Amino acid sequence: MYDFLRELFPICRSITGPGLRETIHRIGTRIPLTIHEVPTGTAILDWTVPNEWSIRSATIETLDGRVVMDFADNNLHVVGYSKPVDAVLSREELARHVHTLPDQPTLIPYRTGYFADSFGFCLSHQTWTAMTDEQYRVRIDSTLAPGSMTLGELLLPGSTDKEILLSIHCCHPALANDNLSGIVIATELAKRLAGVSRRHAVRFLFGPGTLGALTWLSWNQDAARKVAAGLVLTCLGDAGPYHYKQSRQGTSATDRAVAQVLADEGEPLTVLPFAPVGYDERQYCSPGFDLPVGCFMRTPNGRYPEYHTSADDPSLVRPESLERSLDILEKIIAVIDRDATYERVDGRGEPQLGRRGLYRLVSGQAGRSTSQEALLWVLNLADGRHSLLDMAARSGLTFQSVAAAADLLLDTQLIREMSQ
Ligand code: ZN
């Protein structure tokens, strides 16, 4: 995953263009993506797919030809969607097109201007304050022209029509934790989940933020109703503790499964309530869809000093953080897939466990994966209204423990699964 992240890092991505296309095609060499090209001008709900942006080079030079900024050194140097320019500007004019971070004077900010019809440069504040000439020659060799927006999609089938949606934005240029960590983890997760039988289908959607999610939603309004759980994946490669931003519903299977798995794994988790800011959960949780989609992160967007700067580079990402996030996501998917609701075949009193060999199965055998306590909790909460996730949360037992108890009680025909 870390090697793939470093491979993708130098590519200049945006919401359209050759960098986004190349990124999605490189994902497609690892997993069997269906790739969509959505033409410029396509109406997407209240939006329209914009012109495709491509950029070949950009520089700021002194009038005697000394290069003070070169896009080739860092693709954050040019504001995304900058129109072409070749001009001599006074420092004062140039200042209107320059973005810096005075509080982080050595870092280059990340800025975009998708709908601005302008151009701009992002510089370290240190570079900018050292630029004291009266005039500079600025050049951006870019194109804004009809083209298309690239999306990649993979559906791993399940035995029911319920789906788990994983959504990964791919529109950030050289930023490692925000965007690339999600991309490489999702790619590896798709490899791990392929060929495993499951009740839920798992859908992976790779595309630009906002318009990618909106396109999928507007094209798949029936499929959207099948989404039983979903996660936006980003910022999963730093060393920070996990954060989960809840879906708008706040009590969805996704919300409960993430909290349960992190607790079972002994991983500290900060749960953030839904808010209509952030990533594509904004689109999935818009009132016309209201899907059970949350956002899973380590340190959240905006809460680490390297966020949206040139310091969000591969040195911020740790291979072991990627690996742990991948393992946890695999467990979250497994829990969502295993969750089910049961009812007692005969709910009057406790059944006699010894007569059915259930004491023998759970007692005194170190390493057995359940307990008498779990059996009693499942027997009590198998009322057709509590799923295994509810039982685990209410009992304080692990999901695995109540699920194993449910398996034993199913085998002995003391409970039955409610139809979905
Ligand atoms: Zn971002």
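Only a predicted model underlies this, so the values are computations on that prediction, with no experimental measurement involved.

*Asks:* What should I look at first to understand the packing of aromatic side chains in this one?
*Replies:* Centre-to-centre distance and the angle between the planes together describe a pair of aromatic rings. In total, this model carries 7 aromatic pairs according to the counting rule given. Measuring from centroid to centroid gives 5.7 Å for tyrosine 304 and tyrosine 307, while their planes differ by 75°, and the two rings are edge-to-face. Judged by relative accessible area, which is 7%, tyrosine 304 ranks as buried. Positioned over the ring face of phenylalanine 4 is arginine 30, at 3.6 Å from the centre of the ring.

*Asks:* I tried to follow a nonpolar patch on the surface on my own but got confused; where do I start?
*Replies:* There is a patch of nonpolar side chains on the surface, built from Leu45, Trp47 and Phe115 and spanning about 330 Å² of accessible area. If you trace the backbone, leucine 45 turns up in the loop between strand E2 (43-44) and strand E3 (47-48). For leucine 45, a relative accessible area of 46% puts it in the partly exposed group.

*Asks:* Where do I start with the coordination of the zinc ion in this structure?
*Replies:* By definition of the ideal shapes, four donors in a tetrahedron about a metal sit 109.5 degrees apart, and six donors in an octahedron sit 90 or 180 degrees apart. Distances from the zinc ion to its protein donors, His172 (NE2), Asp178 (OD) and His308 (NE2), fall at 1.9 to 2.1 Å. In the primary sequence, the donor residues of the zinc ion line up as H-x5-D-x129-H. For histidine 172, a relative accessible area of 7% puts it in the buried group. The buried category is assigned to aspartate 178, whose relative accessible area is 0%.

*Asks:* It is not clear to me how the nonpolar core should be interpreted in this structure. Could you clarify?
*Replies:* By size, the foremost hydrophobic cluster in this structure holds 74 residues, and its most contacted members are Phe204, Phe296 and Ile332. The dominant element in this core, judged by the number of residues it contributes, is helix H5 (residues 176-193), at 9 residues. Each of domain 1 (2-49 + 148-338) and domain 3 (341-417) accounts for three or more of the residues forming this core. The next biggest cluster of nonpolar side chains, apart from the first, holds 30 residues, and it includes Val78, Leu94, Leu123 and Leu151.

*Asks:* I'm lost on the sheet that holds strand E17 (residues 341-344) in this one. Help?
*Replies:* Strands belonging to one sheet form pairs held by backbone hydrogen bonds; the direction of such a pair is parallel or antiparallel. Here we have 3 strands laid out as an open sheet, ordered E18-E17-E19, and antiparallel in their pairing. The open sheet has two edge strands, strand E18 (383-387) and strand E19 (415-417), and neither has a second partner. Adjacent strand axes in the sheet meet at a mean angle of 35° when their direction is disregarded. In this sheet, E19 lies alongside E17 in antiparallel orientation, the contact comprising 3 bridges.

The rules we used
- Residues numbered from 1 in each chain as written.
- Predicted model: local features only at pLDDT ≥ 70, side-chain atom pairs only at ≥ 80, totals over all residues.
- Heavy atoms only, no water.
- Phe/Tyr/Trp six-rings, centres within 6.5 Å; stacked < 30°, edge-to-face > 60°.
- Buried < 20%, exposed > 50% of the residue type's maximum accessible area, 1.4 Å probe, protein only.
- Lys NZ or Arg CZ within 6 Å of the ring centre and 35° of its normal.
- Patch = residues over 30% accessible without salt bridge, like charges linked within 9 Å, V, L, I, M, F, W, Y side chains within 5 Å.
- Areas by Shrake-Rupley, 256 points an atom, 1.4 Å probe, with all protein chains shown as cover.
- Salt bridge = Lys/Arg side-chain N within 4 Å of Asp/Glu carboxyl O.
- Helix = DSSP H or I, 4+ residues; strand = E, 2+ residues; numbered from the N terminus.
- Donors = N, O, S within 2.8 Å, 3.2 Å for Na, K, Ca; no water.
- Core = buried A, V, L, I, M, F, W, Y, C linked by side-chain atoms within 4.5 Å.
- Domains from an automatic or database assignment.
- Pairing = 2+ DSSP bridges.
- Axes fitted to C-alpha atoms, helices over the stretch in contact; angles between N-to-C directions.

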